[in-house]
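# Structural overview for review
Spelled out, the chains give:
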Amino acid sequence: MRHVSSGEEEAGAAPPHPDVSFSPARPGTVAEVENLAVTFRRGNRRIHAVRGVSLDIRPGEILGLVGESGSGKSVLGMSLLGLLPEDTLEHTSGRVAVAGKDMLHGSADLRRRVRKEHLGSVFQDPMTSLNPTMRVGRQVIEAAGSTEEAVRLLRAVGISDAERRMSSFPHELSGGLRQRVMIAMAVAGNPSLVIADEPTTALDVMVQSQVLTLLRSLVDEIGCSFLLITHDLGVAAQVADRIAVMYAGRLAESGPTDTVLRSAAHPYSLGLMRSRLSLTSPRTGTLSTLRGEVPSPVAPPPGCPFQPRCDLATDDCTQLLPDPVPVIPGHLSACVLPAEVVRARRPAPDAGEQDAGEQDAGGQDAPQADAADPESAVPAAADAPGAASAVWVRQIRRTFRVKAGRGRRKDLQALREIDLDVAAGESVAIVGESGSGKSTLLRVMAGLERADHGEVVLGGSTRPQMVFQDAGASLTPWMTVGALIDERLRGEGLSRAERQERVVAALAQVGLPAEVAQARSRQLSGGQRQRVALARATVIPPQVLLCDEPTSALDVSLAAGVLNLIGRLRRQLGMSVVFVTHDLSVARVVGDRIAVMYLGNIVELGPAERVVSQPAHPYTKALLSAVPEAGAAPMVLTGEPASPLAPPSGCAFHPRCPLADDACADSELRLRPVRLRTAHDRAVACLKPELI
Amino acid sequence: MAVAEPQLAAPLAARRRSARLLPANAARWANWSIAGLLGVVTLVALLAPVLAPHDPLQPVGQPQLAPGQGGFLLGTDGIGRDVLSRVLYGLQASWFAALLVIVGGVIIGGIIGVVAGTFGGIVDNVLMRITDGFLALPAPVLAIAIVAALGPGFVHTLLAVSIVWWPFYARIVRGEVRALAARPHVEAARLAGAGTFRVALRHLAPGAVPATVVTASLDVGNLVLTLAALSFLGLGQPAPTPELGADAARNLSYLLQQWWIPTMPGLAVLVLAMVGNLAGDAIRNLMEDR
Amino acid sequence: MLQLAGKRLGAMVVIILALTAVMFGLQKISPLDPVHAMLGQSASAQAVAAERHVLGLDQPITAQYLHYLAGLLHGDLGTSYRTRNPLSSDLGTAFPATAELTLYGLIFALILAVLLAVATTLRWPGSWLFRLILFVGASMPPFLLAIGGILLFFVNLGWLPATGRTSIHNPPTGPTGLLTIDGLLAGQFNVVTDALSHLLLPALALAIGPAVSIGRVLRSSLVSELRSDYARTARAKGQRERQVLIRHVIRNAIGPALSMTGLQAGLMFGGVLVIEQVFSWPGMGQYMTQSIPVADFPAIAAVTLVLGIGYVLINTVVDLLQAAADPRIDV
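On a predicted model such as this, the values are computed, not experimentally measured, just so you know.

Looking now at the interface of chain B and chain C. Contact residues are listed per partner, giving 51 residues for chain B and 52 residues for chain C. Here chain B packs against chain C, burying approximately 4500 Å² in sum over the two surfaces, 78% of which is carbon and sulfur. Run the count over chain B and chain C and you get one salt bridge. Across the pair B:D281 and C:R216 runs a salt bridge, and its minimum N-O distance is 2.9 Å. Where chain B packs against chain C, one counts three residue pairs in polar contact (both at pLDDT 80 or more).

Next up on the list: the sheet that holds strand β21 (residues 601–607) of chain A. All names here are of chain A. With mixed pairing, eight strands are arranged side by side in an open sheet as β17-β18-β19-β15-β20-β21-β23-β22. Each edge of the open sheet is held by one strand with a lone partner, namely β17 (465–467) and β22 (674–675). Two strands pair when backbone bridges link them, and strand β20 (residues 593–598) and β21 are joined in this way by six bridges, in the antiparallel orientation. Opposite Y598, over in β21, you have N601 as the bridge partner.

What follows is about the nonpolar core. One finds B:W95, B:I144, B:F232, C:M23, C:L101, C:F143 and C:V278 to be the most contacted residues of the largest nonpolar core, which totals 126 residues. Setting aside chain neighbours within four positions, we find C:L101 in contact with C:L199, C:P202, C:A203, C:L206, C:V272, C:I275, C:E276 and C:W281. One finds A:L80, A:L212, A:Y268 and A:F306 within the second-largest nonpolar core, a separate group that totals 98 residues.

What follows deals with the interface of chain C and chain A. Of the residues lining the interface, 22 residues belong to chain C; the matching set on chain A comes to 29 residues. Between chain C and chain A, roughly 2300 Å² of surface is buried when both sides are summed, and carbon and sulfur atoms account for 51% of that area. Its largest share of buried area at the contact with chain A, chain C owes to C:R232, C:A236 and C:K237, together 25% of the area lost on that side. Summed over the shared surface of chain C and chain A, the result is three salt bridges. Note that A:E142 and C:R247 form a salt bridge whose closest N and O atoms lie 3.1 Å from each other. Inspection of the chain C/chain A interface yields 14 residue pairs in polar contact (both at pLDDT 80 or more). Contributions of two or more residues to the side of chain C that touches chain A are made by α10 (229–236) and α11 (241–278) of chain C. Top contributing element to the side of chain C that touches chain A by residue count: α10(C), with six residues. Its residues placed into classes, the side of chain C that touches chain A shows five nonpolar, six polar and 11 charged.

This part takes up the packing of helix α7 (residues 139–150) of chain B against α11(C). To characterise two packed helices, one gives the angle between the axes of the helices and the distance between these axes. Closest axis-to-axis distance for the α7(B)/α11(C) pair is 6 Å, and the angle between their directions is 55°. Here α7(B) lies oblique to α11(C), going by the angle between them. Contacts between α7(B) and α11(C) involve B:P140, B:V141 and B:I144 on the former and, on the latter, C:G266, C:L267, C:F269, C:G270 and C:L273.

Interface size is commonly expressed as the accessible area that is lost once the parts come together. Residues and elements named next belong to chain C. Domain assignment breaks chain C into domain 1 (2–73) and domain 2 (96–325). Distance between the C-alpha centres of domain 1 and domain 2: 33 Å. Between domain 1 and domain 2, the residue contacts involve 15 residues of the former and 13 residues of the latter. When domain 1 packs against domain 2, close to 1200 Å² is buried across both sides, 87% of that on carbon and sulfur atoms. Ranking the residues of domain 1 by area buried against domain 2 places R8, M12 and M23 at the top, with a combined share of 36%. Two residues, R8 and D319, come together in a salt bridge whose shortest N-O distance is 3.0 Å. Counting the contacts that link domain 1 with domain 2 gives one residue pair in polar contact (both at pLDDT 80 or more).

Basis of the calculations
Residues numbered from 1 in each chain as written. Chains lettered and ligands numbered in written order. Predicted model: local features only at pLDDT ≥ 70, side-chain atom pairs only at ≥ 80, totals over all residues. Heavy atoms only, no water. Contact = heavy atoms within 4.5 Å. Buried area = accessible area lost by both parts, 1.4 Å probe. Salt bridge = Lys/Arg side-chain N within 4 Å of Asp/Glu carboxyl O. Polar contact = N/O pair within 3.5 Å; in protein donor to acceptor, adjacent residues only side chain to side chain. Pairing = 2+ DSSP bridges. Helix = DSSP H or I, 4+ residues; strand = E, 2+ residues; numbered from the N terminus. Core = buried A, V, L, I, M, F, W, Y, C linked by side-chain atoms within 4.5 Å. Buried < 20%, exposed > 50% of the residue type's maximum accessible area, 1.4 Å probe, protein only. Nonpolar A, V, L, I, M, F, W, Y, C, P; charged D, E, K, R; others polar. Axes fitted to C-alpha atoms, helices over the stretch in contact; angles between N-to-C directions. Parallel < 35°, antiparallel > 145°, perpendicular 65-115°, else oblique. Domains from an automatic or database assignment.

See below:
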C-alpha cells in the first residue's frame with residue numbers, strides 16, 4: 001500500500017499495523033490483500049471495480065465487508081477465491097494471498113488446491129448456487145470427502161434429519177435449509193477462511209437471524225475465519241468482529257466493529273449509518289439521505305470517490321485520492337479530514353433537502369402527518385368502516401391451486417380472512433415474511449387479483465395505484481417514460497399539450513427533470529426508476545397508493561430518499577398509503593399503523609410506534625428480535641417456518657410459539673384480531689395477548 | 001481436456017476476442033453489412049429478368065457446354081438452355097417463396113401467439129394444444145403429404161409449407177408474451193387504465209419482436225432448403241419452369257459427366273441458405289448488443 | 001416418473017390418432033378420385049359404382065374413418081395405385097432400409113454435435129476449421145451435399161460406393177432388417193463393413209444439418225451452465241474444470257439439446273426422402289418419390305404415417321430423457 005509513508009510516525013516503537021505491513025507471509029493472518037486493483041471490460045468500456053484495496057483477515061475472526069452495489073466488495077471476494085471471470089478481466093495488480101499462496105497470478109491448479117484445502121464459500125442465492133440436478137448428499141460429499149463426514153456436517157449446521165436430507169434435491173428444500181447445506185459444504189475440511197457473499201440477503205429475516213447465529217457459533221467452534229460480504233451494516237454489526245466499509249472500489253474505513261459503529265471516522269460510513277433505518281430511527285422529519293448517486297465505475301472521479309456526495313468536501317478532495325490511514329491503531333479511515341472534524345459535523349436536520357428529489361418539498365420541516373400524535377388518526381378498530389375510509393377490506397380470502405410435485409395439486413392459502421380498514425390520509429404498513437400473504441393482500445386491494453370471498457370497498461372513485469418492488473420491471477422496457485405516464489392521462493379529455501404539461505409536472509413532483517420523459521427504463525438508475533413509477537402513480541393522484549416493497553431492491557442511501565418522497569407525496573396529495581414490507585424498521589417509519597401478517601392472517605394491528613416498542617403478539621416479538629442490530633442477541637425461533645400449503649391448525653403460529661399450549665392447536669379455533677382491553681387502538685389475534 | 005482448463009472459465013472468449021480485434025463499432029458495422037446481404041439478394045431476385053442473359057426456357061446454345069464455354073458463364077444444360085438464366089429465375093422463385101412463407105408464418109403465428117399469451121387460461125390452452133399438435137408431426141413430411149393431396153404446384157407448395165410452419169412462430173411469440181405477461185409492467189399498465197387490447201398491442205407484442213425477427217431471419221435459410229427439397233422431390237412447378245431443386249433433381253443423370261448441370265442450382269441454394277444463416281446470426285448479434 | 005411416462009404415452013396415442021385423422025382428411029379433400037385412380041379414367045359408371053361399394057366409399061364419412069382406423073390397427077395401410085400391392089408388404093422391405101439410414105444419420109448427428117459443442121466451448125485448437133466446415137455444411141441442401149460426396153468420394157477418390165445399401169448379392173435377411181445388425185448376428189462381417197461403407201455418405205449427408213443445429217444449442221447451454229452459480233460453487237469447492245463439466249454441467253445442459261434433437265429428427269425425415277433418391281437407396285423415401293409423379297396418394301399417406309409415428313416415438317423418448325435428466329421436471 002502506497003500510503004505506508006503516512007504511517008511513519010508509528011514506524012518506531014509501535015509495531016506496524018498489519019494493514020500497512022509488507023511482509024509476504026506473516027503469522028497472524030489467513031489472507032492478505034495488498035493494493036488490489038481489478039478492471040473488467042464490458043463492450044469497449046472499462047469497469048474499474050476495485051481500485052487499490054489492502055486488507056488482512058486474521059485467524060478466527062469474522063470480518064464484515066460492507067458496501068453498496070458497485071462498491072467492489074464481491075469482486076474482492078472472488079479475488080480471494082481466485083475465481084475472477086477471466087474472459088472479461090482487463091487488468092489486475094497488487095497481491096492477494098491465501099495461506100501464503102498467490103490467488104491472483106498463481107496457476108489455475110495452485111488456486112484450485114488452495115480453494116480445496118483452505119477456503120470455503122457461501123453465495124447469495126442458495127437455489128442457484130446448488131446444482132439443481134444433483135442430490136444434496138453428493139454435493140456435500142464432494143466437499144466433505146465421505147458420506148459419514150457429510151452427514152456429520154449437515155448435523156453440525158443444524159439440519160435435523162440429515163440422513164434423509166442427503167437424498168433430497170435442492171428444490172425440495174426450503175431457502176433456509178439450502179443455505180445451511182451451502183454452509184455445510186463451506187466448512188467441510190476445516191478451511192482456514194470462509195468467504196460468504198451476501199449469505200442472508202435472499203432469506204427471510206427470521207431465517208437470516210438463524211443463519212447468522214449459526215455462522216457465529218461455527219466460527220467459535222471451528223476457529224475458521226469468515227469474510228462476511230454484505231450490503232447491510234446491521235448484518236455485519238450483529239456478528240462481525242471487525243468491519244471494513246468499501247465505496248466505489250476503495251476501502252473507506254476499517255476497524256473493530258464497536259469502534260466503527262460508535263465513532264466512525266469516514267463521512268461515507270457516517271452517512272450510511274445515518275440513512276440506515278433501525279428500530280430507533282426518529283420517525284419525525286425527513287430521513288437523512290446521501291445526495292447524488294454512486295460514481296460510475298467507468299470513469300471514477302480523480303479525487304476521493306465520495307467527494308461529489310460529501311458535505312465536507314474541500315478542493316483537496318477533488319485532487320487527492322486518499323489512502324486509508326490510522327485514526328487510532330487498528331482503525332483506518334480514507335479521509336483527508338481529521339476524524340474529529342468528520343464526527344463533529346452532525347447531519348443537518350433537513351438533510352433530505354439536499355436530495356435531488358426533495359428540492360421542492362414544501363413540508364420538509366412538517367413531521368410525518370401523525371407522528372407527533374400517532375393515535376389521533378387511528379380508527380378504533382377494523383370492524384366498521386371509519387367515517388372517511390379510503391379502502392375497506394372485508395373478510396377477504398384467497399386460495400391458489402398450485403402444483404405440489406408428482407402431479408398433485410395443493411391449495412395454497414394465501415389469505416385466510418383479512419379485515420382491514422384504511423382511513424383517508426392514513427398510512428398502514430403491512431409487515432410479514434414471504435408466504436404471509438402480504439403481497440397478495442395488496443394485489444387484491446389493487447384489483448389485480450380477485451378474492452374468493454369478501455369484498456374490497458373503495459372510499460373514492462379513483463382506482464388505487466401501485467408501486468412495485470422492482471421498479472425497472474414495472475416500466476414497459478420499450479416505451480418512453482413520457483408515454484408510460486401519459487397512458488394514465490388517456491381518456492381524461494385532455495389535449496396533447498395539456499397532457500405533456502401534466503407529464504412534466506408529475507416528473508418535477510418526484511424530483512426528475514423533464515428530459516427523463518424521453519428516456520426508457522434501462523437508461524435510468526434504480527432510484528430514478530422508482531421515482532418514475534411514483535410519478536406515473538401520482539400524475540392523477542389516487543386516493544390510495546399501494547407500495548409493494550418499493551425500497552427493498554435499492555441501496556440504503558437511495559432507499560431513504562424514496563421513502564421521504566412517498567411521505568411527501570402522501571401529504572401533498574392527501575393520499576392513503578398501504579405499504580408492504582418485510583422490514584419492521586421501514587414499517588415503523590412509513591406507517592401510522594402496522595399490521596403484522598403471518599400465514600394469511602393479520603396477527604397484530606396497532607399504532608406503529610407502540611407495536612414496535614411493546615409488541616403484543618409472540619410472533620411480532622420474534623420478528624422484532626430478528627431485526628439485525630448491533631450487539632442485540634436475537635431470540636431465535638427453532639424449526640422451519642410453516643408453509644401456507646399446510647397451515648397448522650388453530651393458531652398458525654402455535655408450533656413455533658414459546659407460549660403455546662393445547663388450546664392454541666385446537667382445530668376449532670378461529671383467531672381474529674381482537675381489540676385489547678388496555679388499548680382500544682390495538683388488536684391482537686392471540687389467546688394470550690400479553691401487553692407489557 | 002486438462003490442457004484446456006485455464007480457458008474453461010472463459011467459454012465465450014472466442015467471441016469476445018473477435019469483438020476485441022474489431023472495435024465495437026466495427027463489429028456493429030460488420031453485422032449491419034452482413035444483415036444487408038438480405039437486401040442484396042432480394043434486389044438480385046427482383047432484377048432476375050434483367051440480369052438473366054438469356055431466355056431460361058429456350059435452348060440458346062450447344063447442349064452440355066461447360067461453364068465459360070461459348071460465353072455461357074455457368075454452361076448450358078442437356079438441351080442447350082443457359083444454366084445461369086435458369087438459376088437466376090429459380091433463385092427469384094425460391095427467395096420470394098421463402099419470404100412469403102415467413103411473412104405468412106409470422107402473421108398467423110404472431111396473432112395466435114399474442115392472443116394465447118395475453119389471455120392465458122383456457123384460450124391459451126386450446127390454441128397451444130392445436131399448435132403442439134402441428135409441432136408433434138414432422139413438418140417436411142407433412143408438407144409433402146399436403147402437396148401430394150392437393151396436387152403439385154407453386155401455390156400448393158407455399159400453402160403446404162405455410163401450414164406446417166406457422167406453429168413455430170406461434171410457440172415463440174406465445175412464449176415471449178407469456179414471459180412478459182408475468183412481469184409487473186403489464187399489471188402496472190392495467191392499473192394505469194390500459195385495456196386488454198392496448199396491453200396486448202403496446203405492452204406485450206413489441207417485446208416478442210426481437211425474438212421473432214431473429215427466428216425469422218435464421219429461418220430464411222431453413223425455408224430455402226425445405227422448399228428446394230420439395231421441389232427436388234417433384235412437388236414444385238411442372239417441367240419447363242426453372243426451379244432450383246427440380247433442376248438439380250431432373251439433371252441428376254448428368255452428374256458424373258456434366259457435373260455442373262445438377263450442381264449449379266444446388267450451389268445457388270447453398271448461397272441463398274448461407275446468406276440467410278449469416279444474416280440471421282448478424283441480426284441476432286445486433287439485437288443482443290442493443 | 002412412471003406417471004410422467006403414462007401421460008407421455010397417452011399424449012402419443014392422441015397425436016397418432018390426430019395424424020391418422022389428418023391423413024384421412026387429406027385423402028378426402030384431395031381432387032384425386034381413388035376409384036378412377038384404380039380403374040382408369042375410362043371405366044364405366046357401373047364399374048365405378050361397384051368399386052365404390054367395395055371400397056366402402058358409399059358409407060358415411062365417420063364410418064369410412066373408423067374403417068380406415070380399424071384397417072390400420074390390423075396393419076392394413078391400404079393398397080398402392082402404382083404397384084397394386086398392399087402397402088404393408090411394399091413398405092415391409094423399404095422400412096428397414098430407411099430405419100437403418102435414419103438411425104445412423106441420428107447417431108452421426110449426435111456425435112458431430114457433441115464434438116462441435118465441446119470443441120468450441122473448450123476452444124480446442126483447430127476447432128474453428130471444424131466449425132467452419134460444419135456451418136457451411138449446414139447451409140447446403142442435402143442433395144448438394146450428397147452430390148458433392150459422390151463426386152469426391154466415388155468419382156474422384158473411388159473410396160466409397162455411390163448407390164444402394166449393399167453390393168453383396170444375398171445379404172442376410174432378418175431378424176431386424178438392418179444390414180449392419182443382421183450381418184453381425186449372422187457372423188458375416190464382410191456384410192457389416194460393406195453396409196457401413198454404403199451408409200457412410202448418405203448418413204453423413206443427412207446428419208450435417210441437424211448436427212449443427214443440435215451442436216449450437218448444446219454449445220450455448222454449456223456456455224451458460226459453465227457460468228452458472230452452481231458451477232461457481234463447484235469451482236469454489238476446489239473441483240477441477242473437468243469435474244465441473246462432467247459431474248455438474250452436462251446433466252444440466254442436456255435438456256435444450258435433447259429438445260432440438262427431437263425437432264431435428266422431423267427435419268431428418270424430410271431429408272431422408274431426398275437423400276434416398278440421390279443414392280438410389282431402396283427405402284421409403286425412394287418409394288414415396290416414385291409415388292409422387294403418379295399421384296399414388298395411399299402410398300404417400302402410408303409413408304407419412306409411418307414417418308410420423310417414428311417422429312412421435314422419438315419425441316416421447318426425448319421427453320422422458322429430459323425428465324430423467326432434470327428432477328425438477330414433474331409432469
